[in-house]
Amino acid sequence: MSGNILQSAREDVKKILSSGGFEEDITLSTPDGATTINTKGLATKHHITFEMDGPINSKNAHICIDESDIVDKNYVVRNNDGEVNLLNHRVEVSDNTGEKKKYLIKENFPNETLGLIICVLEDFVS
C-alpha cells in the first residue's frame, strides 16, 4: 500500500460523507443568512437522551460534515483564533419523511485528525 495510512483514512471518511450511501444533502447558512452553501454529510435525529437520572425522551439532532468541503466552497468555518466556530449557523436537512427541517447549530466538535465537524442541532424557530 502506498501513502500514509492517516491520509488514506481521511480520504475514506470524505468518500463516506459524500457518496457512501448514507449521505444527506445539507444546506448551511451563516447566522445573518448572507452566505449559503450546499454540502453532503451524515445526519441523525432520534428522541432519547441520557441524563444523570437515566434516559429521557428528548430530541437529538446532529450532522457530521467535511471541513475541507465547506472551506473549498468559501464558507468561513474558523474564527480569528483559528478555532472552528459554527455556533448559531443555520442548517437545513431532510429527515426520514423527506421533509426538510430547519435547525441552528448549538455546539460544534471538530475532529482535527480526520477533518470532520460534528454539529449538535436545535430546532430553528423563525
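Above: the structure in question.
Residues numbered from 1 in each chain as written. Predicted model: local features only at pLDDT ≥ 70, side-chain atom pairs only at ≥ 80, totals over all residues. Heavy atoms only, no water.

Our next topic: the overall build of the protein chain. When helices and strands are tallied, the protein chain shows two helices and eight strands. The linear arrangement of helices and strands in the protein chain, starting from the amino end, is α-β-β-β-β-β-α-β-β-β. For 126 residues, the compact-globule estimate of 2.2 N^0.38 gives 14 Å, and the protein chain sits close to it at 15 Å. Accessible area of the protein chain: about 8,000 Å², with a carbon and sulfur share of 50%. Distance between charge centroids for the protein chain: 4 Å, based on 13 positive and 21 negative side chains. (Helix = DSSP H or I, 4+ residues; strand = E, 2+ residues; numbered from the N terminus. Rg over C-alpha atoms; globule rule 2.2 N^0.38 Å. Areas by Shrake-Rupley, 256 points an atom, 1.4 Å probe, with all protein chains shown as cover. Lys, Arg positive; Asp, Glu negative; His and termini not counted. Charge placed at Lys NZ, Arg CZ, Asp CG, Glu CD.)

A word on the sheet that holds strand S5 (residues 60-66). What the six strands build is a closed barrel, ordered S1-S2-S5-S8-S7-S6; its pairing is antiparallel. Taken over all neighbouring pairs, the strand axes of this sheet differ in orientation by 45° on average, direction set aside. Sheet topology places strand S2 (residues 36-46) next to S5; six bridges connect them, and they run antiparallel. Following the sheet pairing, His 46 is matched in S5 by Asn 60. (Pairing = 2+ DSSP bridges. Axes fitted to C-alpha atoms, helices over the stretch in contact; angles between N-to-C directions.)

Among the secondary structure elements, Ala 34 is positioned in the loop between strand S1 (24-29) and S2. Residue Ala 34 is classed as exposed on the basis of its relative accessible area of 63%. (Buried < 20%, exposed > 50% of the residue type's maximum accessible area, 1.4 Å probe, protein only.)

Don't take any of this as a statement about function, it's just geometry.
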